[in-house]
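One-letter residues, chain by chain:
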Amino acid sequence: LTGVGSQYLFSFADREGRTLDGGGYYRLVLPPDIPAARFWSVTVYDNQTRSMLDTPQRFPRAGSQAYPTPAAVPDGDGTTTVHFGPDRPDGVPDGNWIRTTPGRGWFVVLRLYSPLQPFFDKTWRPGEIESVD
């Protein structure tokens, strides 16, 4: 139902089909107008424990809410780019970066809370995770 509940999208590999490596650098571009009436979130999980990835960044997430981490900042064109890697790339806001751990595999979940019609009719689709090494 539009505007009710939540939808979860998972990714276990980059756009080339390679598993996600905690020592690599990646990005996910979300098109403008992310279809979530309440909020959206991207969270990283450990492949082995299936728990949130344990890093010095207490909450391995990015999203539209400013708690418990800073909210992600949209790019000038309305897209939102989430970066993944062991170090925050220069110029990337804290809220747009999720720390990973070298030697640990991970997967990501995009959550849309109170998803809107563009999600269901597929006129809005998230980008794919791209390696930026």
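Residues numbered from 1 in each chain as written. Predicted model: local features only at pLDDT ≥ 70, side-chain atom pairs only at ≥ 80, totals over all residues. Heavy atoms only, no water.

Another aspect to go through is the pattern of salt bridges. If you walk through the whole model with that rule in mind, you get five salt bridges. One salt bridge connects R15 with E130, and the closest N-O pair in it is separated by 3.3 Å. Taken as a pair, R15 in the loop between β1 (6–11) and β2 (26–30) and E130 in strand β8 (residues 130–131) lie far apart in primary sequence, 115 residues in all. Accessibility expressed as a relative area gives 46% for R15, which makes it partly exposed. Each of R15, R27 and E130 takes part in a single network of salt bridges with overlapping partners. (Salt bridge = Lys/Arg side-chain N within 4 Å of Asp/Glu carboxyl O. Helix = DSSP H or I, 4+ residues; strand = E, 2+ residues; numbered from the N terminus. Buried < 20%, exposed > 50% of the residue type's maximum accessible area, 1.4 Å probe, protein only.)

Strands sit in the order β6-β5-β2-β8 across an open sheet of four strands; the sheet is mixed. Two strands lie at the open edges of the sheet, namely β6 (97–99) and β8, each paired on one side alone. Note: strand β5 (residues 80–85) against β6, three bridges, orientation parallel. Along β6, the bridge assignment pairs F84 with I98. (Pairing = 2+ DSSP bridges.)

So, about the sheet that holds strand β4 (residues 61–63). Within a sheet, neighbouring strands are paired by backbone hydrogen bonds and run either parallel or antiparallel to one another. Spatially, four strands are ordered β1-β7-β3-β4 in an open sheet, and the strand pairing comes out antiparallel. The sheet is open, and its two borders are formed by β1 and β4, each paired with just one other strand. Averaged over all pairs of adjacent strands, the angle between strand axes in this sheet comes to 15 degrees, irrespective of strand direction. Sheet topology places strand β3 (residues 36–46) next to β4; three bridges connect them, and they run antiparallel. Counterpart to S41 in the pairing with β4 is G63. (Axes fitted to C-alpha atoms, helices over the stretch in contact; angles between N-to-C directions.)

With respect to the helices, strands and loops of the structure, S11 is situated in strand β1. Through-space distance from the C-alpha of S11 to that of I129 is 8.0 Å; in sequence the pair is 118 residues apart. Leave out the neighbours within four places in its chain, and S11 touches L20, F107, V108 and I129. Here the side chain of S11 touches A13 through a polar contact of 2.9 Å, landing on its backbone oxygen. (Contact = heavy atoms within 4.5 Å. Polar contact = N/O pair within 3.5 Å; in protein donor to acceptor, adjacent residues only side chain to side chain.)

A few words on unusual backbone geometry. P68 follows Y67 through a cis peptide bond whose omega is 10 degrees. Positionally, P68 belongs in the loop between β4 and β5. Notably, D33 is not glycine yet its phi reads approximately 60 degrees, a positive angle. Considering the arrangement of structural elements, one finds D33 in the loop between β2 and β3. Its relative accessible area of 69% is what places D33 among the exposed residues. Notably, K122 is not glycine yet its phi reads approximately 65 degrees, a positive angle. Looking at the element boundaries, K122 is found in the loop between α1 (117–120) and β8. By relative accessible area, K122 is classed as exposed at 57%.

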